[in-house]
Every structure is written in structure tokens, then in C-alpha cells.
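Residues per chain, in single letters:
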Amino acid sequence: MHERYLFNGVLFTLACIPFAKRYLWSAIALSVVLFANLIYSLQYLHVVTASIPGVNSQNLWGPGTTLLSIVAVGAFFWLGYQYLGTSEGAVETAPTPEKVGAAPEEAVPWSAEVRHWFDPREGLAALRWPLDHAIVAALGIGNFVLSFVGYWRPTGTSCWTLPGISRCGIFDEIYFARAGEEYLQNLRIYENTHPPLSKLLITLSMMLFGGMPKGHGLRGWTFLNGIIGHLGNGDNPYGWRFLDVVFGALVVMLLYVFAKRITGSTIFATIAALLLTFDGMHFVQSRIATPEGFVVFFATLAVYAFYRFWISSQVGERANVRVPWWGFAVAAATSLLAGLIVALMGRATAGFDAASTVIVTLYVASALYLLVRYVAFVRLFGDGRRELTYGEGSLALRDSASTVVHAADGGSIDARGKIARGARSQNKGGALVYDDEPLTIEYRRDATVRYETPEGSVTYAGDEVRVAESPAIERGRSSKLWLVLFTVALGCLVSAKWYGVMGFGVSFVILTLLWLQRYFFKREPTLWGNPRGFRLDGALATILFVSASVYALVWVPDLVRHSPDPGEIHNLNDLVYRQYTMYEYHHNLRATHPYSSKMWEWPIDYVPVAYFYEDHRKDTTDPKGCCIYEITSLPNPAILWFGLLCVPWVGVLAWRERNKAYALIVITYLLQWLPWFGSPRLTFAYHFYVNVPLICLCNAIILQRFFRWAQAREMGRWLGGAGVGAYVALAAMGFVYFYPVLAAHGIPWNAWHQRMWFPTWIIGPG
């Protein structure tokens, strides 16, 4: 169908969405067909202009073209039938839920208003012993075995030579596996455009297999060689790639834990982990010695740890400190002055240059500011009372003799128990009750707060979030540990590859918006968490200081190895200058590559990266000849394309339901993807790998919503299980189908070509 007809149809259905659900589904169907039509047009132009041999330009997609046409025509036919063929005056109405209880959100009509309350039980679904722990272990072991089988094959065609050594690897192993050899022999590190953590992990992986051959530095630990039984050292694909296999299994286990917190379901947490297991990009990146396998683990760990910090900071208990504005100014100025003094001392004694002086000044200042914020301010501006804060924005002040409660809407309970009404709250039975159907918040004199919605209820008491008749509990004091873990993971992420710096944007944006709620919601409960559950300046300073400390520590091996090469790092000045040269390299890089791609092409699986390709046919003109061997970092289309629907859908649900996890996932997805739009250098599809676990989470969330929607309808109960099972089976079959071109398993040329669905899967536009 021509675009001019589809475009009008899409506009019409979009405009009519508020009137009936049928227009929403029609808009989705026509949007998919229109998008496919545009892709088809681009491919047609590519085939015709490049004269691609063996491709029928009149029918590139075969039966797929017919199927999409049926979808488009069927949508128009269905809308016409609904308008002309149904009874006059029939009005489509949304089903009314029979009761408030299980899965009420699935019964909410599409036109439902945005909630003015949040789910109080969100994020409280902890792992259950022993079931969840057994599943996590099984998923980790299963993923490890799947990736382990044959991970040392092939050796590759990207070759390099060092003194006495000649090796070949796959794609960028020419830089990163080589770096492991150079570290172990104390040679100049040829790859000096990325931070060293991933290279050090590959070096450690080699050491687990015995390090370098005799006479070439460290011998390492030979335990793994004893298991495999035929390796003399770790300078081979066994050694280079092993820890990537381990980290690939760890991220699957971590994703299960994350998904269980979000969905509260063992089944759908398992599905999320299985989807990642069935993803081709995850499989490939877990089997080669490049940084992406480590990057995605630290990225996922950072998101999970930040979510746990967000949930645990729903309650907080700390000393009540009211710092005047000038106190912050004096603290910042004093810290900067002290940092400058330390840096100038280093300039005089250790020869710091100007750049090193600035870096040391800021680093020392951030450490001193944290000391002032959490120690000096308490002594100078504390009034001896304890400050208790809660997730909907309320505040209680307690000393040894009394407690004063301040409700979110301005109501209060004073030290004598006298209740003052707020904007909506009033005295009911000796408690201050905020009643805004269906939200009820009950404040008691002992600073106990009960928050109740149709989703359930929780009790904020002291430093804990408690769920009635459930072992679920969250302690506010753990928020400090989760913030530190998040920051350590973020530091490791940036230390593996610089684009992990996007995680700072996620945390800074969310923390600032959470804190600003105290001004957005002056006389009503907050919706996105406790605005007083953390000190904004302290949290931001902690993130900067701890992540900077982690980043500095990963450079210690470069400093202490005392390389004889004058171009290597020997002191702080060299370390700081290395950051400049790395930035200059990426900023000024102007290069082309047949498999490079634009950031907008990543979510549609348009240009995967072929890491390895060999044609072993004796007769290269024989389409049935054997064999073709290829490794292509191809995401599973069933996962990535379904994510085109699920990710924005989860974003809508996040706003409508005030769901913190959904918002965090979508914001992280966007901030790890959209900044690439302005990248000055060429980019590749594997830069999108950090978002694949998030897509798996979104897919599992929407599958759970579909399952509950079906379960709530008598005639559709079978549909939920069948639909979810069919999708998971489709993803699994997709992995099996593409496995030969993911693992360099030899197949005939026609079988290989059958798996190259688009011309850009064979070779990219560059």
C-alpha cells in the first residue's frame, strides 16, 4: 500500500483515539505498516542503486509483504465495518471492574485519568527462599553453559604481532586481548583511547588460565587450565574471553533480581531473564574479549542499585539540621580553598601541572564538603531532634520528650496531640486523616503513617516501610548503602567505557526532580518518592567523589607498573593528560566502517556488526555449497522489535501510574541512547547493548499486563497464558534460528543467506 494512503489513515486514527479503543489498535497497526513501508523503500533504493546480485528487487520480503498488506487493508476494513455494519447508536464502553482487588490497573480503561497516588507496595517484592534463589542459580548456570560451549572458537582474522608472539582474534580483540598481553609483559599499551578497567579484567581472565607463556611475565593461577587440561597458558581465546562469559551470566542473574522487584512475579522475572538469554547480541558480546560484556553488567547494576536507593529512601531518619543559605556558601568556599591549598602543595612538591592542580582541587574539595555536610553541619546547625520523613512528603520531628507530625497537605499534630487540619486532612478518631478517594493517608501522634490505595497499603514507622500481613519490609538506613553501591557501579561503568557517563545524567536528573517535589507539591502528597529522603547536595557530592575515586583506582596498575616507555603513565600529570588525549581521539575521529550505523537505526535492528566471516565453499558459485561461518552481533528481532511497542508503553504507564521503576527504566533508556545523536565519531550497534536488558524488562512488564488483562476476562483467560507462552517460544526459536550466525556454526550458503533478512544485515551502509 502506498505511503500516501497509509499516512492519511494514521493521522485519522490518531485523532480518533479518544473516542474508542478500536482507533488505538488501528493506529498501532497502521504505524507498524507505515514504518515497514519506509524501511522497504530504503532497501529497495539500496538494492537498485547498488545492483545487489541475487536479490529480487520486485519482492524483497517475500510473504512478509503480503502479510503487511493484509494488516493494513484489514485495519481499514475493520474500521469501515464498525462504522457502517454495526447497530446504529452503539457506543463502545470500557469494562467496569467487578471489584477493587487483584490487578485493578488492568481493568482501567484507556481513557483513565492519571493517578494522584502511587502504588505503596512498589519495589517491596524481595526474593523468596529457596525458590527464587534456585531459579537465579539455574538461570546463571544455564546462561554460562550456553555461552561457554565453543566460546574459544574461532580464533579470528584480526591479527597482531608482539615480540615473540603472533596472535589473531575477533574484531576489537586486536586491541583488548592484545592489551592483556602488553600488561603482563609490561609493554606499551597500544589501545590507549579507553579507560583501563575492561582491559584489566581481560588481563585477569588470562591470568586465571596461567598468564603468558614462560618467560613473558606473570604465570598466574593455573586452576582453570587443570580443568580444561591442555593449555599451557592463558594467551589464547580461552583466556581472553572467559570473564566475558562469566559477566554475561551475571547480568542475566541480576536482571532476574531486578525484574522480580518490579513485577513481583517469579514467572515474569524468569521471562525477563530468559529474553536476555535468547538475545543474539547478548550471546555474542558474552563470548568475545571486548569491553561491552563488562559495560552492560555495570550499567544494569547501576540502574538496579539506584532503584533500590529510590525505594529505600521512601523513609528516612536522621538528625534534624536546618542549614542557612550562607552555610552552604561558606562550606563550598572553604572546601574549595582547602582543596586548592592541597593542590598547590602537590604543585610545589610533586610538580603538578595546571590541569592536575584543578583536578586535585575539585577532588579534595568534594571530600571535604562531604565531611562538612555530614559532620560539621550536624554539630553547628542541629537542634537535637530526629527528622523522620516519608514517601508521600510528610515530616515528623522527634526528641526525647515529644513528637510533632507535619502532614503532606499542611496539617499537623503537635507535641500535645492537638490536631490542625490541612488542605484536605482532618481529625478522625484521634488521627489526622487525608481522604482523597481512593487515596487515604492516616497520620498518628507516634509518627506512624498509613498510606492506603486500591493497590494495597503500607505503614511508615520509624525508619521502615512495612506491609500488613506480609514479610515485605524496606529499611531507610539501607539507602546509604545502595547509593554507594550505585556510585561504585557507575564508577566501574565509566572506567570500562566513557559512554557510561550518561548514568550521571540519569541520577542527577532524577534526584533533582525528586528534591524539587517539595516545591511542586506544597499542599498535597508527593507522587514520585520522598523529597526529604536524601540531602541533594550530599547525594550529588557522594556520586561525584566515590565515582571519581573508583575511576582513579583503576589507573593504579598503570602507575605502579613503572613502564619503561616514556609515552605511558608514570605520574598524575600523565594520567590527567591521558584523559585529554582520549577525548581528543573520540572527538576528532573521522572514519568510515562498513558496519557503522546511526543511533536511530539501533532500535530497529537495521545494521548489526559482523565480527567474523569466512566462506569455506570450494565452489563459491554454488548456493548450496558448505560452509559459511559468521559471527554477527544481531539482537533477537522478536525482542528488539517488540520493544519498539513496549518501551514507550511502559513510559505511558510510568506517568499514568506514578511508577518509579517504569520511569527509571524509560529515562535510563533514553539518556543512554539519545545523546548518541550528537556523537562526533562513528558509532556501532553494540553501543545500544546497554539498553537490551532494559528492553527485556519492558517486554516482560507488558507481557505481564497482557496476561492479567486476559485473566480478568472469563472468555479470555486461556489467551493470556497462550499469548505469553507463544511470545517466549518465538523469542527462543528466533535464537535457535539465528544461532549459526551468532556462533560461527558452519551452514550452507543458502541457509546463511536465508538468515540475512535485509541487505544491511550482509553489509552496512557505512
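Owing to the predicted nature of the structure, the values given are computational and were not obtained by experimental measurement. (Residues numbered from 1 in each chain as written. Predicted model: local features only at pLDDT ≥ 70, side-chain atom pairs only at ≥ 80, totals over all residues. Heavy atoms only, no water.)

### Some remarks on empty space enclosed by the protein
The probe, sized like a water molecule, is rolled over the atoms to show the empty space still left. Threshold: Of the grid points, spaced at 1 Å and generated over the protein atoms alone, those admitting a 1.4 Å probe that cannot get out make up cavities, while open sets with protein on both sides within 12 Å along at least five of seven lines make up pockets; any residue with an atom within 4 Å of a point is treated as lining. Grid points are joined across faces, edges and corners, and a volume is the space filled by probe spheres set on the points. Secondary structure counts use DSSP, requiring at least four H or I residues in a row for a helix and at least two E residues in a row for a strand, with both numbered from the N terminus. Lys, Arg, Asp and Glu make up the charged group, whereas Ala, Val, Leu, Ile, Met, Phe, Trp, Tyr, Cys and Pro make up the nonpolar group; the residues left over, Gly among them, are polar.
This structure, assessed with the given rule, holds six cavities of 30 Å³ or more. In this model, the largest cavity occupies a volume close to 80 Å³. Along the walls of the largest cavity sit Ala299, Ala302, Val303, Phe306, Phe486, Leu490, Leu493, Gly503, Val506, Leu664, Thr668 and Gln672, which together make up its complete lining. Those elements that provide at least two residues to the lining of the largest cavity are helix H11 (292–312), helix H14 (478–496), helix H15 (502–520) and helix H20 (660–671). The greatest single-element share of the lining of the largest cavity, amounting to four residues, is contributed by H11. When its residues are assigned to classes, the lining of the largest cavity shows nine nonpolar, three polar and no charged.

### So, the sheet that holds strand E6 (residues 403–406)
Put simply, the test is: In this description, strands pair whenever DSSP reports at least two bridges between them.
Across the sheet, six strands lie side by side as E3-E4-E5-E6-E7-E8; this open sheet has antiparallel pairing. In this open sheet, the two strands that pair with only one neighbour each are strand E3 (316–321) and strand E8 (419–420). Looking at chain direction, strand E5 (residues 395–398) and E6 are connected through four bridges and run antiparallel. Opposite leucine 395, over in E6, you have histidine 406 as the bridge partner.

### Considering the sheet that holds strand E11 (residues 439–443)
Adjacent strands of a sheet pair through backbone hydrogen bonds, lying either parallel or antiparallel. Quick reminder of the rule: To define axes, lines are fitted to C-alpha atoms, for helices over the stretch in contact only, and angles between the resulting N-to-C directions are given on a 0 to 180 degree scale.
Pairing in this open sheet of seven strands is antiparallel, and the strands run E9-E10-E11-E12-E13-E14-E15 from one edge to the other. Looking at the sheet topology across the chains shown, the edges are occupied by strand E9 (425–428) and strand E15 (473–475). For this sheet, the mean angle separating the axes of adjacent strands, direction not counted, is 20°. Where strand E14 (residues 464–466) meets E15, three bridges bridge the pair, whose relative direction is antiparallel. Bridge pairing links glutamate 464 to arginine 475 in E15.

### What to know about the packing of aromatic side chains
Our working rule: In summary, the pairing rule links any two rings of Phe, Tyr or Trp, Trp by its six-membered ring, whose centres are within 6.5 Å, and it sorts them by plane angle into stacked for under 30 degrees, edge-to-face for over 60 and tilted for everything else. The classification of residues rests on relative accessible area computed with a 1.4 Å probe and restricted to protein chains. Under 20% of the type maximum is buried, over 50% is exposed, and intermediate values are partly exposed. Over a ring means this: the NZ of a Lys or the CZ of an Arg is within 6 Å of the ring centre and within 35 degrees of the ring normal.
Overall, the coordinates contain 60 aromatic pairs when judged by the stated rule. Both rings, one in tyrosine 499 and one in tryptophan 676, keep their centres 5.4 Å apart while their planes meet at 65°; by these two values the pair is edge-to-face. Here tryptophan 676 lies in the loop between H20 and helix H21 (692–711) and tyrosine 499 lies in the loop between H14 and H15, a separation of 177 residues in the sequence. Relative accessible area serves as the criterion here: at 10%, tryptophan 676 is assigned to the buried category. A centroid spacing of 5.8 Å and a plane angle of 70° characterise the contact between tryptophan 602 and tryptophan 676, whose relative ring orientation is edge-to-face. In this pair, tryptophan 602 sits in the loop between helix H18 (572–588) and strand E16 (609–615) while tryptophan 676 sits in the loop between H20 and H21, placing the two residues 74 residues apart along the sequence. Among the residues examined, tryptophan 602 registers a relative accessible area of 4% and is labelled buried. A cation sits over an aromatic face here: arginine 755 above tyrosine 737, 4.4 Å from the ring centre.

### A look at the nonpolar core
Generally speaking, a soluble globular protein has its nonpolar side chains buried in company with each other. Cut-off, in case you're wondering: We call a set of buried residues a nonpolar core when its members are Ala, Val, Leu, Ile, Met, Phe, Trp, Tyr or Cys and they connect through side-chain atoms within 4.5 Å of each other. Whether two residues touch is decided by their heavy atoms; if any such pair falls within 4.5 Å, the residues are in contact.
Within the largest apolar cluster, 180 residues are counted, with the highest numbers of intra-cluster contacts made by Ile262, Phe298, Tyr443, Tyr460, Tyr611 and Leu697. The element contributing the most residues to this core is H11, with 16 residues. Residues within four places of tyrosine 443 in sequence aside, it is in contact with Glu392, Ser394, Val405, Ala407, Ala408, Ile413, Ala431, Leu432, Tyr434, Thr448 and Val449.

### A look at the environment of glutamate 437
In this structure, glutamate 437 sits in the loop between strand E10 (431–436) and E11. When the C-alpha positions of glutamate 437 and histidine 116 are compared, they lie 9.6 Å apart, and in sequence the two are 321 residues distant.

### Observations regarding a nonpolar patch on the surface
We apply this condition: Exposure above 30% relative accessible area and the absence of a salt bridge qualify a residue for a patch, where like charges join within 9 Å and nonpolar side chains (Val, Leu, Ile, Met, Phe, Trp, Tyr) within 5 Å. With residues, only the protein chains shown are counted as cover, and all accessible areas are computed by Shrake-Rupley using a 1.4 Å probe. Between Lys or Arg on one side and Asp or Glu on the other, a salt bridge is scored when a side-chain nitrogen of the former is within 4 Å of a carboxyl oxygen of the latter.
Taken together, the side chains of Leu42, Tyr44, Leu45, Val48 and Trp600 make up a nonpolar region of the molecular surface, amounting to roughly 470 Å² of accessible area. Its location among the elements puts leucine 42 in helix H2 (residues 21–50).

### Overview of the packing of helix H8 (residues 237–263) against H11
For the record, the criterion: Working rule for angles: under 35 degrees goes down as roughly parallel, over 145 as roughly antiparallel, 65 to 115 as roughly perpendicular, anything else as oblique. When the near helix sits turned anticlockwise from the far one by under a right angle, the crossing is termed left-handed; a clockwise turn instead gives a right-handed crossing.
Across the interface, H8 lies against H11 with an axial gap of 9 Å and an inter-helix angle of 25°. As far as their axial angle goes, H11 and H8 are roughly parallel. Viewed along their axes, H8 and H11 form a crossing whose handedness is left-handed. Seen from H8, the contacting residues are Leu243, Asp244, Phe247, Leu250, Val251, Leu254, Val257, Phe258, Arg261 and Ile262; seen from H11, they are Gly293, Phe294, Val296, Phe297, Phe298, Thr300, Leu301, Val303, Tyr304, Tyr307 and Arg308. Class assignment of the residues belonging to the contact of H8 with H11 gives a composition of 16 nonpolar, two polar and three charged.

### Topic: unusual backbone geometry
Note the cis peptide between arginine 153 and proline 154, where omega equals -10°. Position of proline 154 relative to the elements: it lies in the loop between helix H4 (131–148) and strand E1 (158–162). Put simply, glutamate 437 and proline 438 share a cis peptide bond, and its omega is 5°. Positive phi values are uncommon outside glycine, yet phenylalanine 171 reaches one of about 50°.

### Comments concerning the environment of glutamate 601
Here glutamate 601 is to be found in the loop between H18 and E16. Given the relative accessible area of 6%, glutamate 601 is considered buried. Filtering out sequence-adjacent residues up to four positions away, glutamate 601 remains in contact with Tyr606 and Val607.

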